[in-house]
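Single-letter residue listing:
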Amino acid sequence: MNSAELPQSHAADEYEADLEKSNNGPVRAAVRWAAGLVDGFFGGDGSEVVGASVVVHRLDNKAEVLRLDAGTIEEAESLVAMVRSDLEELSHEEFLDRWGGRDSAEPVA
């Protein structure tokens, strides 16, 4: 059987992407809180208060491979959609190269 007949594996076979609360520290949290307060004062929804991160984990052991901090929930939702699309389309190596992830475990066979 030649390599053209082998099914192509995708990063989604090994990784999953989720949104998590950002853990940027107290200074950035205070800045986000202030921005959300100002936004709410001017009629916004205050979504800047909650910082979010896109986190990619291995499926087999839940090890963190990549963490991308986003400013707002809307930015994080857009970013997680891009990451999930790349997980479905790219190979393991291509995904890590594109997003700068680090996976110390061997790929799942």
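Residues numbered from 1 in each chain as written. Predicted model: local features only at pLDDT ≥ 70, side-chain atom pairs only at ≥ 80, totals over all residues. Heavy atoms only, no water.

**Description of helix H2 (residues 73-89)**
Argument step 1. In this model, H2 (17 residues) spans 24 Å end to end at C-alpha, consistent with the 24 Å of a helix rising 1.5 Å per residue.
Argument step 2. Along H2, the positions that sit buried rather than exposed are Ala76, Leu79, Val80, Val83, Asp86 and Leu87. End-on view of H2: buried residues confined to an arc of 125 degrees, all on one side of the axis. Residues of H2 that are exposed and point over 90 degrees away from its buried face: Glu88 and Glu89.
Argument step 3. Looking at the buried positions of H2, the neighbouring elements they touch are strand S1 (15-21), strand S2 (52-58), strand S3 (64-70) and helix H3 (92-99). (Helix = DSSP H or I, 4+ residues; strand = E, 2+ residues; numbered from the N terminus. Expected span 1.5 Å × (residues − 1). Buried < 20%, exposed > 50% of the residue type's maximum accessible area, 1.4 Å probe, protein only. Arc of directions from axis to C-beta. Contact = heavy atoms within 4.5 Å.)

**A short note on the nonpolar core**
Argument step 1. Among the nonpolar cores identified, the biggest contains 16 residues, and Tyr15, Val56, Val83, Leu87 and Phe95 are the most heavily contacted of them.
Argument step 2. Only S1, S2, S3, H2 and H3 provide two or more residues apiece to this core.
Argument step 3. Broken down by element, the residue count for this core peaks at 4 residues, all from H2.
Argument step 4. Non-local contacts of Phe95, meaning those with residues more than four positions away in its chain, are made with Ala11, Tyr15, Val56, Leu66, Val83, Asp86, Leu87, Leu90 and Gly100. (Core = buried A, V, L, I, M, F, W, Y, C linked by side-chain atoms within 4.5 Å.)

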